[in-house]
Amino acid sequence: MTKTAVVTGASSGIGEATARRLAAEGFEVVAAARRRDRLDKLAAEVPAIRPVTLDVTSDESVAELAASLDRCDVLINNAGGAFGLESVAEGLVDDWQRMYEVNVLGSLRMTRALLPELIDSGDGVLLMLTSVAGLVSYEGGGGYCAAKHAQTSMTETLRLELCGEPVRIIEVAPGMVYTEEFSLTRFRGDAERAEKVYEGVPNPLTADDVADAIAWCVTRPAHVNVDRLVIRPRAQAAQHKVHRIS
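Since we're looking at a predicted model, the values are computed, not measured.

Visitor: Please explain the overall build of the protein chain as it appears in this structure.
Guide: Looking only at helices and strands, the protein chain features eight helices and nine strands. Here the protein chain has a C-alpha radius of gyration of 17 Å; the compact-globule value for 246 residues is 18 Å, and the two agree. Here the protein chain holds 246 residues, and 51% of them are scored as buried. Within the protein chain, counting contacts between residues at least 6 apart in sequence, those at least 24 apart form 67% of the total.

Listed below in C-alpha cells is the structure:
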C-alpha cells in the first residue's frame, strides 16, 4: 500500500520542495497550507500531490484535515516562520505571539491530530522542521529563537514519551537557507534588507537541499531513528560565523 505523507507549509520554500521530493520517493503527499492557489498549481504539476487548505493556528482547520485522511504514515511539521528582528527590549508582542502560535502551537495541533494515525500505521514518522535557532540563540532573534527552542524541546519530549511506539521522532535543523520568502517575511516585505542577509555568501542552502535531507531521514529503515540532523551551507560555521565574498 502506498504510504501517505502530510506536509504543512507546503505552498512555498522548504515545504513545497519537500512535497515534491516525497512524491518522487513514492509517497502520496497531502500538501497543506493556507494559499490554495499555489497548492493547486503544485498539484497540477505533480499528480501524487493532493492539495488541502490548512491553517495550523485553527483547531477547526486541523481537525478538518485529519478527518479527510484515510491514513497518515509521515507528518512533516514544516509550517512556521520568523517575524521581525528587533531586540528583546524592543520586541513586538504580536510578532512573538504569532511565531509561537505558528511554529509551536501549530506543530502541537498537527501532532495531536495525526499521532493516532502515525501509530496505527505501524511505522510512523513525525519530523519537526526546526532551525539552528532552536539550538543557539543570537541577537535580534529572541522571539524566533524562543519558538524554535520550544519546538526542539517538544521533539525531544515526544521521543521520550513515545519510546516503545512504532513512531520515529526526527528533528531537522537547517542553518542559512535561501528561499523566496523567509527573510522577506521577517523584514516585512523589505526586499533590500532581506537580500543583505545572503549578500556575498557563496552557495547558501536551497529548499531542495533541505528537502533532500528530510527525504533521507524519512526513508531510513524502520529501526533507524535520526534524532537530529543539523544542516548548514559550507560557508556557515555558526550563526555568527559566515564566510562572505566581498
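Picking up after the structure, the text goes on.
Visitor: Which parts of the structure should I look at to understand the sheet that holds strand β1 (residues 4–8)?
Guide: Sheet strands pair via backbone hydrogen bonds, and the direction of the pair is either parallel or antiparallel. Spatially, β3-β2-β1-β4-β5-β6-β7 is the arrangement adopted by the seven strands of the open sheet, whose pairing is parallel. In this open sheet, the two edge strands, each paired with only one partner strand, are β3 (49–53) and β7 (228–231). Neighbour-to-neighbour, the strand axes of this sheet turn through a mean angle of 15°, independent of strand direction. Relative to strand β5 (residues 124–129), strand β4 (residues 74–77) is paired through four bridges, and the arrangement is parallel. Note on β5: the bridge partner recorded for Leu75 is Leu126. The strands touched by helix α2 (residues 36–45) are β2 (28–33) and β3; relative to β3, the strand with the most contacts, the crossing angle is about 170°. The strands that helix α8 (residues 207–218) touches are β4, β5, β6 (167–174) and β7; relative to β6, the one it contacts most, it runs at about 160°.

Visitor: Looking at this structure, how should I read the packing of aromatic side chains?
Guide: Any aromatic ring pair is given by two values, namely how distant the centres are and how the planes are angled relative to each other. Under the counting rule described, the total for this entry stands at two aromatic pairs. Residues Tyr144 and Phe182 carry aromatic rings whose centres are separated by 5.7 Å and whose planes lie at 65° to one another, so their mutual orientation is edge-to-face. In this pair, Tyr144 sits in helix α5 (residues 142–161) while Phe182 sits in helix α6 (residues 182–186), placing the two residues 38 residues apart along the sequence. Centre to centre, the rings of Tyr178 and Tyr198 are 4.6 Å apart; their planes meet at 80°, and the pair counts as edge-to-face. Residue Tyr178 is located in the loop between β6 and α6, and its partner Tyr198 is located in the loop between α7 (191–196) and α8; the two are separated by 20 residues in the primary sequence.

Visitor: Explanation requested: the nonpolar core in the structure shown.
Guide: Proteins that are soluble and globular tend to have nonpolar side chains buried together. Core analysis: the largest hydrophobic core is formed by 37 residues, its most contacted members being Ile49, Val172 and Ile214. Broken down by element, the residue count for this core peaks at eight residues, all from α8. Excluding residues within four positions of it along the chain, Ile214 makes contact with Ile14, Thr18, Ile76, Leu127, Leu129 and Val172. Val62, Leu75, Ala82 and Ala147 belong to the second-largest nonpolar core, a separate cluster that totals 34 residues.

Visitor: Whenever I open this one, α2 confuses me. Can you help?
Guide: Count 3.6 residues to each turn of an α-helix, and residues three or four apart come out pointing the same way. Buried within α2 are the following residues: Leu39, Leu42 and Ala43. What you see down the axis of α2 is that its buried residues fit within an arc of 100°, all on one side. Residues of α2 that are exposed and point more than 90 degrees away from the buried face comprise Asp37, Lys41 and Ala44. The inward-facing, buried residues of α2 abut α1 (13–24), β2 and β3.

Visitor: I would appreciate a short explanation of the side chain of Glu16 in the present structure.
Guide: Structurally, Glu16 can be placed in helix α1. When sequence neighbours within four positions are dropped, the list of residues in contact with Glu16 reads Gly9, Ala10, Ser11 and Leu42.

Visitor: How should I be thinking about the state of the cysteines in this particular structure?
Guide: Here a disulfide denotes a covalent bond joining the sulfur atom of one cysteine to the sulfur atom of another. All chains considered together, the criterion is met by zero disulfides. Considering cysteine sulfurs only, Cys217 is the nearest to Cys163, which forms no disulfide, with 19 Å between them. The exposed category is assigned to Cys163, whose relative accessible area is 67%. The thiol of Cys217 is not disulfide-bonded; the next cysteine sulfur, from Cys72, is found 17 Å away. Taking relative accessible area as the criterion, Cys217 reaches 0% and is therefore assigned buried.

Thresholds, definitions, all that
- Residues numbered from 1 in each chain as written.
- Predicted model: local features only at pLDDT ≥ 70, side-chain atom pairs only at ≥ 80, totals over all residues.
- Heavy atoms only, no water.
- Helix = DSSP H or I, 4+ residues; strand = E, 2+ residues; numbered from the N terminus.
- Rg over C-alpha atoms; globule rule 2.2 N^0.38 Å.
- Buried < 20%, exposed > 50% of the residue type's maximum accessible area, 1.4 Å probe, protein only.
- Contact = heavy atoms within 4.5 Å.
- Pairing = 2+ DSSP bridges.
- Axes fitted to C-alpha atoms, helices over the stretch in contact; angles between N-to-C directions.
- Phe/Tyr/Trp six-rings, centres within 6.5 Å; stacked < 30°, edge-to-face > 60°.
- Core = buried A, V, L, I, M, F, W, Y, C linked by side-chain atoms within 4.5 Å.
- Arc of directions from axis to C-beta.
- Disulfide = S-S within 2.5 Å.

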